[in-house]
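Next come the chains, spelled out residue by residue.
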Amino acid sequence: MAVSDHVDLPTFMEGVRKRNPHQPEFVQAVQEVAEDIYEFIEDKEEYHAQQILRRIAEPDRVVSFRVCWEDDNGNIRVQRGYRVQNNNAIGPYKGGIRFHPSVNESVLKFLAFEQTFKNALTGLPMGGGKGGSNFNPKGKSVREIMRFCQSFMTELYRHIGADVDVPAGDIGVGGREIGFMFGQYKRITNQFTGVLTGKGLEYGGSLIRPEATGYGAVYFLANMLATKGEDLVGKTAVISGSGNVATHAAEKIVQLGGKVLTLSDSGGFVHDPDGFTQDKIDWVKTHKTHRRGRIQDYVEAFPKATFHEGKTPWGVPCDVALPCATQNELLGEDARTLVANGCKALAEGANMPTDLEGVHVFKAARLLYAPGKASNAGGVAVSGLEMSQNSERRAWKEEELQQMLKDIMFGIHQSCLTYGDQGGGYVDYVKGANIAGFKKVADAMLAFGVV
Ligand code: GLU
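I will try to describe carefully the structure that is included in this document. This is a predicted model, so every value here is computed, not measured.

**Regarding the layout of surface pockets**
Of the voids in this model, the second largest pocket is the one considered here, and its volume is about 350 Å³. As for the second largest pocket, its lining consists of 17 residues, and the residues nearest its centre are Gly 194, Met 387, Ser 388, Asn 390 and Ser 391. The residue inventory of the lining of the second largest pocket, partitioned by class, reads seven nonpolar, seven polar and three charged.

**Digging into the sheet that holds strand S3 (residues 93-99)**
Neighbouring strands of a sheet are bound in pairs by backbone hydrogen bonds; such pairs are parallel or else antiparallel. Read from one edge of the open sheet, five strands run S1-S2-S4-S3-S5, paired in mixed fashion. Lying at the two open borders of the sheet, with one neighbouring strand each, are strand S1 (61-70) and strand S5 (165-168). Averaged over neighbouring strand pairs, the angle between their axes works out to 20 degrees when direction is ignored.

**Quick notes on helix H7 (residues 175-189)**
The terminal C-alpha atoms of H7 lie 21 Å apart, and with 15 residues this matches the ideal 21 Å at 1.5 Å per residue to within 8%. Turning to H7, its buried residues number three or more, namely Glu 177, Ile 178, Met 181, Phe 182, Gln 184 and Tyr 185. What you see down the axis of H7 is that its buried residues fit within an arc of 165 degrees, all on one side. Packed against the buried residues of H7 are S3, helix H6 (142-156) and S5.

**Structural notes on unusual backbone geometry**
Unlike most non-glycine residues, Gln 51 shows phi in positive territory, near 55 degrees. Locating Gln 51 in the fold gives a position in the loop between helix H3 (45-49) and helix H4 (52-56). Given a relative accessible area of 27%, Gln 51 falls into the partly exposed group. Residue Met 352 is not a glycine yet carries a positive backbone phi of 50 degrees. Among the residues examined, Met 352 registers a relative accessible area of 2% and is labelled buried.

**Things to note about the pattern of salt bridges**
Summed over the entire model, instances satisfying the criterion amount to 27 salt bridges. Linking Glu 230 and Lys 235 is a salt bridge whose minimum nitrogen-to-oxygen distance equals 3.0 Å. Residue classification places Glu 230 among the partly exposed residues on the basis of a relative accessible area of 30%. Residue Lys 235 is classed as buried on the basis of its relative accessible area of 10%. The network of salt bridges with common partners includes Arg 19, Arg 54 and Glu 58.

**Structural notes on the packing of helix H8 (residues 209-226) against helix H15 (residues 378-392)**
Relative orientation and spacing of two packed helices are given, respectively, by the angle between their axes and the distance between those axes. Relative to each other, H8 and H15 sit at 145 degrees, their axes nearing to 7 Å. The crossing of H8 and H15 is right-handed. Where H8 abuts H15, its residues Arg 209, Ala 212 and Thr 213 lie against Gly 378, Gly 379, Val 380, Val 382, Ser 383 and Glu 386. Along the lines of polarity and charge, the residues of the contact of H8 with H15 split into three nonpolar, four polar and two charged.

Rules and cut-offs
- Residues numbered from 1 in each chain as written.
- Predicted model: local features only at pLDDT ≥ 70, side-chain atom pairs only at ≥ 80, totals over all residues.
- Heavy atoms only, no water.
- 1 Å grid on protein atoms, 1.4 Å probe; cavity = no way out; pocket = protein on both sides within 12 Å on 5 of 7 lines; lining within 4 Å.
- Points joined across faces, edges and corners; volume = space filled by probe spheres on them.
- Nonpolar A, V, L, I, M, F, W, Y, C, P; charged D, E, K, R; others polar.
- Pairing = 2+ DSSP bridges.
- Helix = DSSP H or I, 4+ residues; strand = E, 2+ residues; numbered from the N terminus.
- Axes fitted to C-alpha atoms, helices over the stretch in contact; angles between N-to-C directions.
- Expected span 1.5 Å × (residues − 1).
- Buried < 20%, exposed > 50% of the residue type's maximum accessible area, 1.4 Å probe, protein only.
- Arc of directions from axis to C-beta.
- Contact = heavy atoms within 4.5 Å.
- Salt bridge = Lys/Arg side-chain N within 4 Å of Asp/Glu carboxyl O.
- Left-handed = near helix turned anticlockwise from the far one by under 90°.

Here it is in structure tokens:
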């Protein structure tokens, strides 16, 4: 009889920590999943015997490479680029590229691990991957960004492909950067394929891809509220971030009758007691994305608002909250503050914005709490639809895509109910998302045997 991995959770996690020293974000992401999966697989001998969890928590490969580029002053700059291909059991690796000084192997491994479950939850055939670089786009000229993107793709191209690995955007990578990278991929390979998503509409992009993550998060929030017979009309919302996810989440909250009180960036948060209207959100979009400005400038344009330097917005009383900035931006004490202030529901637009302590606080308070892998899956879902359109060489209509996004978010919510309903009116969405995502990938892996 073979030895199965019937080790207990602390022993399993000790192994993860040992094998991944100095990778706290990756260890955190594995722990959050393992806490739920351990319970689920307790009586499932095959998952143990085949070491499924152990295998999903070990990326298929991590590619790391040098990226050289020349800045506008003629200096040669050297950055590190990565692609983490976590798991392709149910489809080609899929996941964004992040350009931010905080990028390292731990951050990308955690993101690729999370992406594996998130992509499974969408119901579309996509595996999990993530890539990026510690390149900081802030303060760089457009030409510098172009040269960096080209250099990055000159190495990355050999590791990706429409049926192999399909990157997209993430923090620091939007339509412009995808354009530069797609142009370089096409130039090197002489192939026009759906190798990246988040492309411009002129060259194979999909309608509603930019809106999809933020809109999807709000649809998920609305689905959670509906289980209590409630909706967003008249509800106050606190949102962090002011990029693509945050501004589109704000837009959808407003469309559904809610009132958005805050947005933020790394310098602090803005509180607008009158609420962010569509005009104000458009101002933020232009200011942050096109002018690359700071959120604090908002108070000059709209003097009733206040700026809170170096602070996160979690102390502002609200009915619903959407962390849409970055990982570990909402800590245990912030979670306690939100609960004490009467927050009813929280949907994560960012990836792992709540630390482990915060997750435990929300679970203990039985909050309607959606982890990013469920609530922010709308972005990658529409990326999956972009891949389908590219394969078919056609473009679907906006109404069709809007409906598909809504249906997919509804489906993810249903999957969370299936595996997360604890009875007594409480749904543990973290558990539901982890188990539903895990089961699909795990069952595919079982079918393949030991590979
Ligand atoms: N970066 C996004 C995410 O975290 C989107 C990835 C994609 O579209 O492939 O899910």
